Amino acid sequence: QQQVKQSPQSLIVQKGGIPIINCAYENTAFDYFPWYQQFPGKGPALLIAIRPDVSEKKEGRFTISFNKSAKQFSLHIMDSQPGDSATYFCAAPLGVNTGFQKLVFGTGTRLLVSP
Amino acid sequence: DAGITQSPRHKVTETGTPVTLRCHQTENHRYMYWYRQDPGHGLRLIHYSYGVKDTDKGEVSDGYSVSRSKTEDFLLTLESATSSQTSVYFCAISWAGDNSPLHFGNGTRLTVT
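What you see is a predicted model, and the numbers here were worked out from it, not measured in a lab.

A. Inspection of the overall build of chain B at higher detail. The secondary structure content of chain B amounts to zero helices and 11 strands. Across chain B, helices and strands are ordered from the amino to the carboxyl terminus as β-β-β-β-β-β-β-β-β-β-β. Of the contacts formed within chain B by residues at least 6 apart in sequence, a portion of 55% connects residues at least 24 apart. Total accessible area on chain B stands at roughly 5000 Å², and carbon and sulfur atoms take up 48% of it. Side-chain charges in chain B split into 11 positive and 12 negative, and the spacing between the mean points of these groups amounts to 3 Å.

B. Structural context of the overall build of chain A. Secondary structure assignment for chain A yields zero helices and 11 strands. When the helices and strands of chain A are placed in sequence order, the string is β-β-β-β-β-β-β-β-β-β-β. Its C-alpha atoms give chain A a radius of gyration of 14 Å, within 12% of the compact-globule value 13 Å for 115 residues. Here chain A holds 115 residues, and the buried ones make up 47% of them. Nonlocal contacts in chain A, meaning residues at least 24 apart in sequence, comprise 53% of its contacts between residues at least 6 apart. Per element, the accessible surface of chain A, about 5400 Å² overall, is 50% carbon and sulfur. Separation between the mean location of the 11 positive side-chain charges and that of the 7 negative ones in chain A comes to 5 Å.

Scoring rules and cut-offs
Residues numbered from 1 in each chain as written. Chains lettered and ligands numbered in written order. Predicted model: local features only at pLDDT ≥ 70, side-chain atom pairs only at ≥ 80, totals over all residues. Heavy atoms only, no water. Helix = DSSP H or I, 4+ residues; strand = E, 2+ residues; numbered from the N terminus. Contact = heavy atoms within 4.5 Å. Areas by Shrake-Rupley, 256 points an atom, 1.4 Å probe, with all protein chains shown as cover. Lys, Arg positive; Asp, Glu negative; His and termini not counted. Charge placed at Lys NZ, Arg CZ, Asp CG, Glu CD. Rg over C-alpha atoms; globule rule 2.2 N^0.38 Å. Buried < 20%, exposed > 50% of the residue type's maximum accessible area, 1.4 Å probe, protein only.

Next comes the structure, spelled out in structure tokens:
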């Protein structure tokens, strides 16, 4: 079963646009929500993460918005650039307080930023 | 790439043959993980290790085994490869447990014919 549902599957925006990627989760015990960025031929890399005690977190042009009541979190990329073209994954911990970093990932969103 | 080397980078094998993928890290991280990546499924955890000789199953462990005899090496074995195991396999490491970043290798593309 899919514990983290991610949408859309793919997204095309023009340079300077603000792509938004959404994730919905089921387990209300999740307490950590990272986003990973993956370029072709490379492994994913941590982009930004949020805990549910805050509603928003910004790092540079990347912002996570968190809606605890709706069990949703979103990634916004401000002033998107062609170099942001990549696949983005949301994730949440498979277990809670397990002592291990076991993540369940969304299915990914392929973003293309056109020049 | 956080000192993670996966080998081989590409492999083609036949159904029914055993296959071993290797992950080597130079970071002295305690935790190591094997994920597989498939279109429409994202990344799914196969097995993980929390120390030498300490391993456990993830979401999709059937048909896979792992071993960790040294801190730096984590091996993933497909005892008898099947076409459903055609995938891209990623090794990851983390320094601590809960909520610490995962650092991924560049993957091994495995094709089972």
